[in-house]
Amino acid sequence: MSRWHGRVVAAALVLAVAPLATPRPAAAGEHHIGQRLAVPAYFYPGGDGAALWRRLTGPGTGIAVANPFSGPGKTRDPNYGAAIAAAKAAGVTVLGYVPTGYLGTTGRATRLGDTAPAAWSAQVQQDIETWYRLHGGDGCATPPPALSTSER
């Protein structure tokens, strides 16, 4: 098994097992389910997207990854605040998406135009702090680091 394949399998296992580690208590008359979904909730929680966020609070969702603006954004949006609060109240773990730019290994630049790994690391740290300040939530989700050509 290549290192790349091993990382994909490990990531899939984390997503499959993590919701089981913190099961939501069953309400009166509700049957507990053993598995729950991790949902990339990359849709705005207003307009048509509000109904999608409400569906996340029903049985079956364990993790929702919110992505307000390809990262945390710059200001607190009350629609996201309400949607995240409702999801958390329903027992859903809400993670915020934070882009890593694969830490500069693909040539992608930070918001300030730098491609160095240290610049990406600093931006990721800033985005994580901004996420918690604006949205709270239970943590952050980042894409995996890029693979070197020897790992592909």
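What counts, and where the lines are drawn
- Residues numbered from 1 in each chain as written.
- Predicted model: local features only at pLDDT ≥ 70, side-chain atom pairs only at ≥ 80, totals over all residues.
- Heavy atoms only, no water.
- Pairing = 2+ DSSP bridges.
- Helix = DSSP H or I, 4+ residues; strand = E, 2+ residues; numbered from the N terminus.
- Axes fitted to C-alpha atoms, helices over the stretch in contact; angles between N-to-C directions.
- Core = buried A, V, L, I, M, F, W, Y, C linked by side-chain atoms within 4.5 Å.
- Buried < 20%, exposed > 50% of the residue type's maximum accessible area, 1.4 Å probe, protein only.
- Contact = heavy atoms within 4.5 Å.
- Phe/Tyr/Trp six-rings, centres within 6.5 Å; stacked < 30°, edge-to-face > 60°.

Novice: How do you make sense of the sheet that holds strand β3 (residues 93-97) when you look at a structure like this?
Specialist: Either a parallel or an antiparallel arrangement is found when strands of a sheet pair, and the pairing is made through backbone hydrogen bonds. Spatially, four strands are ordered β1-β2-β3-β4 in an open sheet, and the strand pairing comes out parallel. In this open sheet, the two strands that pair with only one neighbour each are β1 (37-41) and β4 (139-141). Each strand of the sheet is rotated relative to its neighbour by a mean of 30°, with strand direction disregarded. Note: strand β2 (residues 61-66) against β3, four bridges, orientation parallel. The partner of I63 across the bridge, within β3, is T93.

Novice: How should the nonpolar core be read in this particular structure?
Specialist: Soluble globular proteins tend to bury their nonpolar side chains together. Grouped together as the largest cluster of nonpolar side chains are 13 residues, with contacts concentrated most on W53, L56, A66 and V94. If you list the elements that add at least two residues to this core, you get β1, α2 (48-56), β2 and α3 (78-89). Here this core takes four residues from α3, the largest share from any one element. With residues near it in sequence (within four places) discarded, L56 still touches V39, A41, F43, T61, A64 and V92. Within the second largest apolar cluster, five residues are counted, among which are I63, V65, L95 and Y97.

Novice: Hey, could you run me through the packing of aromatic side chains in this one?
Specialist: Describing an aromatic ring pair means giving the distance of the ring centres and the angle of the ring planes. The tally for this structure, following the rule as stated, stands at four aromatic pairs. Where Y42 meets Y97, the ring centres are 5.6 Å apart and the plane angle is 55°; that geometry is what we call tilted. Of the two residues, Y42 sits in the loop between β1 and α2 while Y97 sits in strand β3, which places them 55 residues apart along the sequence. Residue classification places Y42 among the partly exposed positions, given a relative accessible area of 43%. Look at Y44 and Y80: their rings are 5.7 Å apart centre to centre, the planes differ by 80°, and that puts the pair in the edge-to-face class. Within this pair, whereas Y44 is found in the loop between β1 and α2, its partner Y80 is found in helix α3, the two being separated by 36 residues in sequence.

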